[in-house]
Amino acid sequence: IGPLLATAAQSAATAALCYNIAISTTLILALFVLGYVGRDVLASLLKRLWTAEIAQHEKAADAFKQMEERMQETADWLRSLANCSEKLIEAVEEVQAKAQELQEKADDTEDMYPPEGPEAATSFSEHMGGLSVIVHDLREESLNLMPALQLMKNQVENLALMPDLSGTRPGDYQGALS
């Protein structure tokens, strides 16, 4: 019975070892399968995430492109308005200079009135002729002022047609940038 017990004990030890190896192998196989499936799941999740990220970047790029175009339009409009403003300022300054010259000449002529003697009458007449020339020049400068005023009026009317300076309403780009 002794050797039979030894063989049985040895068989039990071998069976326990095989059982442990089977459990270990099963665990390793299970972890391998989980790792393989997990890798596929992770790859699928990353693919969806990257697709969504790329779509969001494209949406943001489109929004920034639209903003750039609106800003360029606004900058062009502002340059045009500044040009109109400069022309108007120049025209107003020319009219102002002629008006100042007319005032000074009128003051000089007023000091000569009434003329005393033939030379004073001739000088007074010459001053009056000079005033007429200045009035004519002032009228011409005033006529030059009208196109500049009309141009500025048109620019201001165009401003009323714009929704706002950026050409957008608040929040138009918020969805693309969030």
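Here's a quick rundown of the structure. Computed from a predicted model, the values in this text were never measured in an experiment.

## Describing helix H2 (residues 118–161)
- A rise of 1.5 Å per residue sets the reference length of H2, with its 44 residues, at 64 Å; its end C-alpha atoms lie 64 Å apart and thus fit the reference within 8%.
- Residues of H2 that are buried include every one of Phe124, His127, Gly130, Leu131, Ile134, Leu138, Glu141, Leu145, Ala148, Met152 and Gln155, and no others.

## Quick word on the nonpolar core
- Core analysis: the biggest nonpolar cluster contains eleven residues, these being Cys84, Leu88, Ala91, Val95, Leu102, Leu131, Ile134, Leu138, Leu145, Ala148 and Met152.
- For this core, the elements supplying multiple residues, two or more each, are helix H1 (2–111) and H2.
- In terms of residue count, H2 provides more of this core than any other element does, six residues in total.
- If sequence neighbours within four positions are ignored, cysteine 84 has contacts with Leu151, Met152 and Gln155.

## Regarding the pattern of salt bridges
- Inspection of the entire model under this criterion finds six salt bridges.
- Among the salt bridges present, the one from arginine 79 reaches aspartate 76, with a minimum N-O distance of 2.8 Å. A residue pair is termed a helical-turn pair when its members lie 3 or 4 positions apart in one helix, as arginine 79 and aspartate 76 do in helix H1 at three residues.
- Classification of aspartate 76 by relative accessible area gives partly exposed; the value is 39%.
- The residue glutamate 101 makes a salt bridge to lysine 98 at a minimum N-O spacing of 3.7 Å. One end of the pair, glutamate 101, and the other, lysine 98, are both in helix H1, three residues apart, so they sit about a helical turn from each other.
- Residues joined in a network through salt bridges with shared partners are Lys98, Glu101 and Asp137.

Rules used throughout
Residues numbered from 1 in each chain as written. Predicted model: local features only at pLDDT ≥ 70, side-chain atom pairs only at ≥ 80, totals over all residues. Heavy atoms only, no water. Helix = DSSP H or I, 4+ residues; strand = E, 2+ residues; numbered from the N terminus. Expected span 1.5 Å × (residues − 1). Buried < 20%, exposed > 50% of the residue type's maximum accessible area, 1.4 Å probe, protein only. Core = buried A, V, L, I, M, F, W, Y, C linked by side-chain atoms within 4.5 Å. Contact = heavy atoms within 4.5 Å. Salt bridge = Lys/Arg side-chain N within 4 Å of Asp/Glu carboxyl O.

Nothing here speaks to function; it is all geometry.
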